[in-house]
Amino acid sequence: MTPANPLEALPLAKMMRESLWAYPTVETIHIIGFAILVGSVVMFDLRVLGLSKNLSVRGLSRHLLPWSLAALVLIVPTGSLMFLAHANDFLANRTFQLKMGLLMLAGINAIVFRTGPYQTVEHWDVATRAPIAAQLSVAASILIWFSIIACGRFLAYT
Ligand code: HEM
């Protein structure tokens, strides 16, 4: 049968559909990637919300941000490979559309946080309450990332 979307005709897409091992292996790497990403992001967000107040926000950011960014190297190619395998179905899937929208929102929220409230971090680095704008942004971040995980899991059933 001819695939409905030209992307599904790519050799990589065919391999993802036909090999017994490819899809689950790629999906496992996807999961390792987002465990690192969401784990590091949420640990930082909880610190900004006031947990472990004696840890430097800047120090924690320097430690965790490279892990969050490096995790994208695992997540994006593996997500794209799984997408290629059934591009047509995913494009028409509301849960997939929502997941992509939420991913964009998470990126925008992170940029707004870094270019906004984080600019004054030297005033609330250690043992001081973060400004309300920072707290709202990281609370939204936790909610958005958890929703992205839910969308990913629901994709198999919707
Ligand atoms: C460019 C970014 C991404 C793309 C294109 C993408 C795409 C996909 C695709 C196509 C699947 C397979 C669904 C299925 O076979 O039923 C999947 C699974 C999943 N994704 Fe993503 N994804 C991306 C990023 C993320 C991120 C950042 C997270 C988490 C924060 C995430 C969480 C999940 C989860 C939880 C699953 C289900 C795993 C399972 O059921 O075993 N994805 N993703």
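Quick note: structure is the one above.
All values derive from a computational prediction rather than experimental measurement.

Peer 1: What should I look at first to understand the overall build of the protein chain in this one?
Peer 2: A count of helical and extended segments in the protein chain gives six helices and zero strands. Each helix and strand of the protein chain, placed in order from N terminus to C terminus, yields the pattern α-α-α-α-α-α. In terms of overall dimensions, the protein chain has C-alpha extents of about 60 × 25 × 25 Å along its principal axes. Expressed as a percentage of the 158 residues in the protein chain, the buried residues total 36%. In the protein chain, 78% of the contacts between residues at least 6 apart in sequence involve partners at least 24 apart. With the model as given, the accessible surface of the protein chain reaches about 9500 Å², and the carbon-plus-sulfur share is 72%. Across the protein chain, 11 positive and 7 negative side-chain charges occur, with their mean positions spaced 8 Å apart.

Peer 1: Explain the site of the ligand here, please?
Peer 2: Around the ligand, a shell composed of 22 residues is seen, among which Tyr 23, Glu 27, His 30, Lys 99 and Arg 153 lie nearest. Side-chain polar atom of Lys 99 to a nitrogen atom of the ligand: 2.6 Å apart, as the coordinates give it. At a separation of 2.5 Å, an oxygen atom of the ligand approaches a polar side-chain atom of Arg 153. Secondary-structure elements contributing two or more residues to the shell around the ligand are helix 2 (22–48), helix 3 (57–85), helix 5 (94–115) and helix 6 (132–155). Of the residues belonging to the shell around the ligand, the class tally is 15 nonpolar, four polar and three charged.

Peer 1: What is the right way to look at the coordination of the iron atom of the ligand in this model?
Peer 2: For the iron atom of the ligand, the full set of protein donor atoms is His 30 (NE2) and Lys 99 (NZ), and the range of their distances to it is 1.7 to 2.1 Å. Each of the six donor atoms bound to the iron atom of the ligand contributes to angles spanning 87 to 178°, and the resulting shape is octahedral. Here Lys 99 lies in helix 5 and His 30 lies in helix 2, a separation of 69 residues in the sequence. By the burial criterion, His 30 is buried, and Lys 99 matches it.

Peer 1: How should the packing of helix 2 against helix 6 be read in this particular structure?
Peer 2: What describes two packed helices is the angle between their axes and the distance between those same axes. Interhelical geometry of helix 2 versus helix 6 gives an angle of 155° and a closest axis separation of 9 Å. By the angle between their directions, the pair helix 2 and helix 6 is classed as roughly antiparallel. Remark: the crossing between helix 2 and helix 6 carries left-handed chirality. Contact with helix 2, carried on its side by Phe 34, Leu 37, Val 38, Val 41, Val 42, Asp 45, Leu 46 and Val 48, involves Ala 134, Gln 135, Val 138, Ser 141, Ile 142, Trp 145, Phe 146 and Ile 149 of helix 6 and no other residues of that element. For the contact of helix 2 with helix 6, the per-class residue count stands at 13 nonpolar, two polar and one charged.

Peer 1: Would you mind going over the pattern of salt bridges with me for this structure?
Peer 2: Pairing is possible between side chains that carry opposite charge, provided their charged atoms lie close to one another. This model, assessed by the stated rule, comprises two salt bridges. The residue Lys 14 makes a salt bridge to Glu 18 at a minimum N-O spacing of 3.5 Å. Linking Lys 14 with Glu 18, this pair stays in helix 1 (residues 11–18), spanning four residues, or about one helical turn. Overall, Glu 18 belongs to the exposed group, its relative accessible area being 58%.

Peer 1: I keep staring at unusual backbone geometry and nothing clicks. Help me out?
Peer 2: Glycine aside, residues mostly have negative phi angles, and peptide bonds mostly take the trans form. Of note in this structure, Ser 52 is not a glycine but carries a positive phi near 45°. Summarising the element assignment, Ser 52 is placed in the loop between helix 2 and helix 3.

Peer 1: I'm lost on the side chain of Gln 135 in this one. Help?
Peer 2: With respect to the helices and strands, the residue Gln 135 is situated in helix 6. On the accessibility criterion, Gln 135 (14% relative accessible area) is buried. If we ignore the near neighbours within four places in the chain, the residues touching Gln 135 are Val 48, Leu 49, Arg 129 and Ala 130.

Conventions we followed
Residues numbered from 1 in each chain as written. Predicted model: local features only at pLDDT ≥ 70, side-chain atom pairs only at ≥ 80, totals over all residues. Heavy atoms only, no water. Helix = DSSP H or I, 4+ residues; strand = E, 2+ residues; numbered from the N terminus. Buried < 20%, exposed > 50% of the residue type's maximum accessible area, 1.4 Å probe, protein only. Contact = heavy atoms within 4.5 Å. Areas by Shrake-Rupley, 256 points an atom, 1.4 Å probe, with all protein chains shown as cover. Lys, Arg positive; Asp, Glu negative; His and termini not counted. Charge placed at Lys NZ, Arg CZ, Asp CG, Glu CD. Near = heavy atom within 4 Å. Polar contact = N/O pair within 3.5 Å; in protein donor to acceptor, adjacent residues only side chain to side chain. Nonpolar A, V, L, I, M, F, W, Y, C, P; charged D, E, K, R; others polar. Donors = N, O, S within 2.8 Å, 3.2 Å for Na, K, Ca; no water. Tetrahedral: all angles 85-135°; square planar, octahedral: opposite > 155°, others 65-115°. Axes fitted to C-alpha atoms, helices over the stretch in contact; angles between N-to-C directions. Parallel < 35°, antiparallel > 145°, perpendicular 65-115°, else oblique. Left-handed = near helix turned anticlockwise from the far one by under 90°. Salt bridge = Lys/Arg side-chain N within 4 Å of Asp/Glu carboxyl O.

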